[in-house]
Amino acid sequence: MDIITLAQVSGSLSVIGYGIATLGPGLGLGILFGKAMESTARQPEVSGKIQMIMFIGLALVEVLGLLGFVAALVVA
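For the chain, an unreviewed UniProt entry supplies the name ATP synthase subunit c and the organism Bifidobacterium goeldii. The UniProt entry for the chain carries the following comment under Sequence similarities (unreviewed entry): "Belongs to the ATPase C chain family."

This is the structure:
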């Protein structure tokens, strides 16, 4: 194998790694929104607090996705 072929393979692997890394934040967002809707349905009077906490959690989960993207760019 020459050096160009090895570079192409490592680039493809980083893209596959990023694809796998997005599974965690995707599942996290689904669970986060589902539980927020469930708790709002159970106690509608605290929906403002639940929404605020949900948005903080959303920001933290999105950071994980961005870290995976940056790691894929650094490796490639």
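## Points about the overall build of the chain
For the chain, the count of helices and strands is 3 helices and 0 strands. Going from the N terminus to the C terminus, the chain shows its helices and strands as α-α-α. Working note: accessible area of the chain is about 5,700 Å², and carbon and sulfur atoms make up 76% of it.

## Regarding a nonpolar patch on the surface
A cluster of nonpolar side chains, namely Leu-13, Ile-16, Ile-20 and Leu-23, defines an oily patch on the protein surface of about 420 Å² accessible area. With 3 residues, the top contributor of residues to the nonpolar patch is helix H1 (residues 3–21). Tracing the sequence through the fold places Leu-23 in helix H2 (residues 23–42). According to the relative accessible area criterion, Leu-23 is exposed, its value standing at 53%.

## Regarding the confidence of the model for the chain
Averaged over every residue, the pLDDT of the chain is 82; the share at 70 or more is 82%. Least confident of the elements in the chain is H1, whose mean pLDDT is 68; most confident is H2, at 90.

## Things to note about the pattern of salt bridges
Inspection of every chain in the model, using the stated rule, returns 2 salt bridges. Taking the shortest distance from any N to any O, the salt bridge between Glu-38 and Lys-35 comes out at 3.8 Å. Taken together, the residues Glu-38 and Lys-35, both in helix H2 and 3 residues apart, mark about one turn of the helix. Relative accessible area serves as the criterion here: at 35%, Glu-38 is assigned to the partly exposed category. Close ionic contact of Arg-42 with Glu-38 constitutes a salt bridge, the shortest N to O distance being 3.3 Å. Of this pair, Arg-42 and Glu-38 both sit in helix H2, 4 residues apart, which is roughly one turn of the helix. A residue is classified by how much of its surface remains accessible, and Arg-42, at 64% relative accessible area, is exposed.

Parameters at a glance
- Residues numbered from 1 in each chain as written.
- Predicted model: local features only at pLDDT ≥ 70, side-chain atom pairs only at ≥ 80, totals over all residues.
- Heavy atoms only, no water.
- UniProt positions renumbered as here; feature names shortened; annotations may be inferred.
- Helix = DSSP H or I, 4+ residues; strand = E, 2+ residues; numbered from the N terminus.
- Areas by Shrake-Rupley, 256 points an atom, 1.4 Å probe, with all protein chains shown as cover.
- Patch = residues over 30% accessible without salt bridge, like charges linked within 9 Å, V, L, I, M, F, W, Y side chains within 5 Å.
- Salt bridge = Lys/Arg side-chain N within 4 Å of Asp/Glu carboxyl O.
- Buried < 20%, exposed > 50% of the residue type's maximum accessible area, 1.4 Å probe, protein only.
- pLDDT = per-residue confidence, 0-100.

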